[in-house]
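# Report on the structure
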Amino acid sequence: MAVYTKFRLIAYSQEIVDGQPIFVSSNCLPIKALKYEPAGHSFHSAALKLLGVQEDKNDADDKKVADDKEQTYLPSDSYSSKSKKKSGTGDKQQDHYALLGLGHLRYLATEDQIRKSYRETALRFHPDKQAALLLAEETEAAKQAKKDEIESHFKAIQEAYEVLIDPVKRRIYDSTDEFDDEIPTDCAPQDFFKVFGPAFMRNGRWSVNQPIPSLGDDNTSLKDVDNFYNFWYSFKSWREFPHADEFDLEQAESRDHKRWMERQNAKLTEKARKEDYARIRTLVDNAYKRDPRILRRKEEEKAEKQRKKEAKILAKKLQEEEAARIAEEERQRKVEEERQAAEAALQQKKVKEKEKKLLRKERARLRTLSGPILSQHLLDISDDDVERLCMSLDIEKLRSLCENMEGRQVLLEQAKVLRDALSSKKEVVDEKTNQQNANGSIKANGSASQSNIEKKEKPWNKEEIELLRKGMQKFPKGTSRRWEVISEYIGTGRSVEEIMKATKTVLLQKPDSSKAFDTFLEKRKPGAQSIESPLTTREELEGVSTPASSTTNNNNVEDSHSKSTDNQNSTSANGVPSSSEQDVWSAVQERALVQALKAFPKETSQRWERVSAAVPGKTVNQCKKKFAMMKESFRNKKTAV
């Protein structure tokens with residue numbers, strides 16, 4: 001072992017011979033004993049510390065912690081000029097969390113932790129507590145520089161506390177804190193959760209809603225996965241975006257200038273906020289596209305959709321095959337039925353041919369047997385009678401008749417049998433005729449009774465038709481007991497059968513166009529220009545006088561009454577008035593014509609029909625003729641003047 005002669009021993013033992021140094025070592029760790037003096041390795045370390053050769057480890061650790069708390073961060077590009085001005089450190093941005101000893105917590109630090117750390121840091125770095133450092137300086141300039149440094153450091157601690165204790169200022173400061181905005185773009189399927197999980201946790205610090213859901217792992221349920229992506233697709237951020245080009249509102253020259261600065265700052269902030277939301281949306285989209293759970297679900301949905309599609313195609317194919325099979329069976333059944341029908345028709349035809357052949361044979365047999373009878377003219381039997389029997393009797397009756405005639409040997413008896421057959425045939429024909437006549441009479445009586453019932457039906461007037469039409473509109477199809485309700489609505493005792501019949505007959509009839517103007521006059525409301533003559537009425541013109549209020553009116557009424565009486569006397573025997581009667585105009589009628597012409601000018605539609613309706617007892621032609629006469633008389637008077 002080499003001997004280090006430069007190390008001076010602390011003490012010498014009496015047993016040392018010739019003053020030779022003895023170095024003692026130990027393989028155990030040093031043990032700190034406060035009440036005992038160091039010995040062995042500890043003694044050796046203590047000796048080296050006293051000589052200044054070795055530095056105390058505990059003091060170095062304390063100094064390192066103090067230096068960590070005292071250090072300041074270099075300026076960062078992500079910090080705003082506004083924050084720099086507020087911090088008061090010039091071009092350097094101080095780290096508030098590091099000044100208070102919260103650099104390991106940063107934005108996770110609570111308000112209580114900030115208060116506690118501030119009290120400890122302020123008490124430690126108060127200028128009054130740092131007086132010993134001033135005494136260590138030799139010159140006055142160094143002391144003044146050290147004093148300024150201590151005061152600026154304490155002011156920085158106070159400023160850090162003011163910023164971090166205020167929620168608004170702290171939010172702005174946390175927004176400007178250094179942050180990794182990088183977005184993962186691609187990764188291997190097995191590294192998805194390792195790559196995107198930290199990215200979501202890192203960006204989750206800006207979320208308004210806390211706590212944020214976790215990305216999970218490959219075994220997370222699809223419901224939780226959907227909730228996770230729904231949260232991030234509706235992400236709301238509290239992050240502020242102070243821009244380097246923002247205007248300092250404190251430097252505004254006027255109120256308008258300050259408002260203009262605020263608008264410009266708001267535009268920059270909104271632009272940065274949109275960019276950040278786009279960044280978050282890109283992160284979520286990239287994760288959603290590469291999430292193995294989402295991809296697996298899409299594959300399952302695609303497979304399920306394909307399976308349903310194939311099942312649908314298969315079902316459609318089976319349905320078409322079944323329809324083709326049913327159609328083929330139906331076709332074969334029809335072919336078989338047609339074949340059987342053809343065979344049955346052929347067989348029936350053969351049977352009919354056979355029956356016809358037998359019938360011809362029996363008829364020939366009857367003619368042969370009746371030949372001697374006809375030749376001898378027995379019992380007045382003629383050829384027509386025999387032919388009538390041949391054509392009217394069927395094969396069985398013909399056969400029995402022929403057998404009956406063959407069983408009689410005497411020709412007269414055969415003639416009697418033939419006559420009996422004729423008489424029985426005649427009775428059958430008479431019965432059929434009587435029955436047909438009876439049926440015809442019954443039908444005739446039935447139709448007559450039905451016609452009588454129809455004749456007894458009460459005709460529909462205009463009011464009932466109008467009520468029926470309104471009832472059909474008021475109670476449309478689907479109304480409970482519709483026809484009974486309409487019958488009660490009409491209120492004239494019409495039955496349901498009559499109403500149903502009227503809907504098919506009366507309502508479908510087209511109105512008579514020839515009576516359209518009469519209908520218009522009936523429905524027309526009396527207007528302001530309607531002419532009412534208080535002097536006379538139609539009854540008065542026909543001979544009934546009405547008392548008037550003035551003498552002039554009485555004279556006019558008497559004249560008109562006398563004229564009408566003369567006209568009545570001059571009527572012909574057949575009741576038709578003469579042309580002279582029709583051309584006679586009373587003063588009342590002339591006055592009514594003049595007023596009607598004034599009330600209905602030339603441009604009025606159907607003028608003369610309205611004029612004639614306003615003049616009692618006159619037609620359109622009579623009014624036109626009277627108007628022409630009045631016009632001519634007026635022109636003559638004007639010419640004479």
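Residues numbered from 1 in each chain as written. Predicted model: local features only at pLDDT ≥ 70, side-chain atom pairs only at ≥ 80, totals over all residues. Heavy atoms only, no water.

## Side note on the overall build of the protein
- Within the protein one finds 25 helices and 0 strands.
- Contacts spanning at least 24 positions in sequence make up 62% of the contacts within the protein whose residues lie at least 6 apart.
- When the accessible surface of the protein is summed, it comes to about 46100 Å², and 52% of that surface belongs to carbon and sulfur atoms. (Helix = DSSP H or I, 4+ residues; strand = E, 2+ residues; numbered from the N terminus. Contact = heavy atoms within 4.5 Å. Areas by Shrake-Rupley, 256 points an atom, 1.4 Å probe, with all protein chains shown as cover.)

## Thoughts on the packing of helix H16 (residues 462-474) against helix H17 (residues 482-490)
- H17 packs onto H16 with a crossing angle of 140° between their chain directions and a minimal axis gap of 9 Å. As far as their axial angle goes, H17 and H16 are oblique. Considering the relative orientation of H16 and H17, their crossing is right-handed. Residues Leu467, Leu468, Lys470, Gly471, Met472 and Lys474 of H16 form the contact with H17, whose participating residues are Arg482, Trp483, Ile486, Tyr489 and Ile490.
- For the contact of H16 with H17, the class distribution of residues is 7 nonpolar, 1 polar and 3 charged. (Axes fitted to C-alpha atoms, helices over the stretch in contact; angles between N-to-C directions. Parallel < 35°, antiparallel > 145°, perpendicular 65-115°, else oblique. Left-handed = near helix turned anticlockwise from the far one by under 90°. Nonpolar A, V, L, I, M, F, W, Y, C, P; charged D, E, K, R; others polar.)

## Observations concerning the pattern of salt bridges
- All told, the structure shown has 33 salt bridges when counted by the stated rule.
- Residues Glu111 and Arg115 are paired through a salt bridge, measuring 2.7 Å at the closest nitrogen-oxygen approach. In this pair, Glu111 and Arg115 are both assigned in helix H5 (residues 111-124), 4 residues apart and thus about one turn of the helix distant.
- Judged by its relative accessible area of 42%, Glu111 is partly exposed.
- The class for Arg115 is partly exposed, based on a relative accessible area of 32%. (Salt bridge = Lys/Arg side-chain N within 4 Å of Asp/Glu carboxyl O. Buried < 20%, exposed > 50% of the residue type's maximum accessible area, 1.4 Å probe, protein only.)

## Some points on the packing of helix H12 (residues 292-376) against helix H13 (residues 383-392)
- Viewed as axis vectors pointing N to C, H12 and H13 meet at an angle of 160°, and their least axial separation amounts to 10 Å. Our classification of the angle between H12 and H13 gives roughly antiparallel. Remark: the crossing between H12 and H13 carries right-handed chirality. Between H12 and H13, the residues in contact are Arg363, Leu366, Arg367, Ser370 and Leu374 and Asp383, Val386, Glu387, Leu389, Cys390 and Met391, respectively.
- Class assignment of the residues belonging to the contact of H12 with H13 gives a composition of 6 nonpolar, 1 polar and 4 charged.

## As for unusual backbone geometry
- Residue Pro211 is bonded to the preceding Gln210 through a cis peptide linkage, with omega at 0°.
- On the secondary structure map, Pro211 appears in the loop between helix H9 (192-203) and helix H10 (222-233).
- One non-glycine residue with positive phi stands out, namely Arg106, at about 55°.
- Judged by relative accessible area, which is 17%, Arg106 ranks as buried.
- Of note, the phi angle at Gln606 is positive, near 50°, even though the residue is not glycine.
- Structurally, Gln606 is set in the loop between helix H23 (587-599) and helix H24 (607-614).
- The class for Gln606 is partly exposed, based on a relative accessible area of 43%.

## Let's talk about the packing of aromatic side chains
- Summed over all chains, the structure comprises 17 aromatic pairs.
- For the pair Phe179 and Trp206, a centre-to-centre distance of 5.2 Å together with 75° between the ring planes defines the contact as edge-to-face. Of this pair, Phe179 sits in the loop between helix H8 (167-176) and H9 while Trp206 sits in the loop between H9 and H10, and the two are 27 residues apart along the sequence.
- Here a set of aromatic residues connected by ring pairs shows up, and it is made of Phe200, Phe228, Tyr229, Phe231, Trp232, Tyr233, Phe235 and Tyr288.
- Over the ring of Trp585 we find Lys618; its NZ or CZ atom is 4.8 Å from the centre of that ring. (Phe/Tyr/Trp six-rings, centres within 6.5 Å; stacked < 30°, edge-to-face > 60°. Lys NZ or Arg CZ within 6 Å of the ring centre and 35° of its normal.)

## Topic: the confidence of the model for the protein
- Averaged over all residues, the pLDDT of the protein equals 75, while 71% of them reach at least 70.
- Within the model, the stretch residues 28-33 combines pLDDT values under 50 with 2 contacts to residues more than four positions away or in other chains.
- In this model, residues 527-581 is a region of pLDDT below 50 whose contacts with residues beyond four sequence positions or in other chains number 41 contacts. (pLDDT = per-residue confidence, 0-100.)

## Looking at H5
- Taking 1.5 Å as the rise per residue, H5 with 14 residues should run 20 Å; its terminal C-alpha atoms sit 20 Å apart, in good agreement.
- Buried within H5 we find Ile114, Ser117, Tyr118, Thr121 and Ala122. Projection of H5 onto a plane perpendicular to its axis shows the buried side chains occupying an angular sector of 125°, all on one side. Projecting away from the buried face of H5 at angles above 90 degrees are the exposed residues Asp112, Arg119 and Leu123.
- Those residues of H5 that are buried are in contact with helix H4 (96-99), helix H7 (140-165) and H8. (Expected span 1.5 Å × (residues − 1). Arc of directions from axis to C-beta.)

## Topic: a positive patch on the surface
- Together, Lys352, Lys356, Lys357, Arg360 and Lys361 make up a positively charged patch on the protein surface.
- Within the secondary structure layout, Lys361 lies in helix H12. (Patch = residues over 30% accessible without salt bridge, like charges linked within 9 Å, V, L, I, M, F, W, Y side chains within 5 Å. Lys, Arg positive; Asp, Glu negative; His and termini not counted. Charge placed at Lys NZ, Arg CZ, Asp CG, Glu CD.)

## A few points about a nonpolar patch on the surface
- Together, Leu379, Val410 and Leu412 make up a nonpolar patch on the protein surface, roughly 220 Å² of accessible area in all.
- Position of Leu412 relative to the elements: it lies in helix H15 (residues 411-456).
- For Leu412, a relative accessible area of 40% translates into the label partly exposed.

## Observations regarding the state of the cysteines
- Scanning the model with the defined rule gives 0 disulfides in all.
- Here Cys402 is not disulfide-linked; the sulfur of Cys390 is the nearest cysteine sulfur, at 7.8 Å.
- Judged by its relative accessible area of 0%, Cys402 is buried. (Disulfide = S-S within 2.5 Å.)

## Some points on the environment of Glu387
- Looking at the element boundaries, Glu387 is found in helix H13.
- Taking the relative accessible area as the measure of exposure, Glu387 reaches 33% and is therefore partly exposed.
- Once the C-alpha coordinates of Glu387 and Arg367 are considered, the two residues, 20 residues apart in sequence, prove to be 8.1 Å apart.

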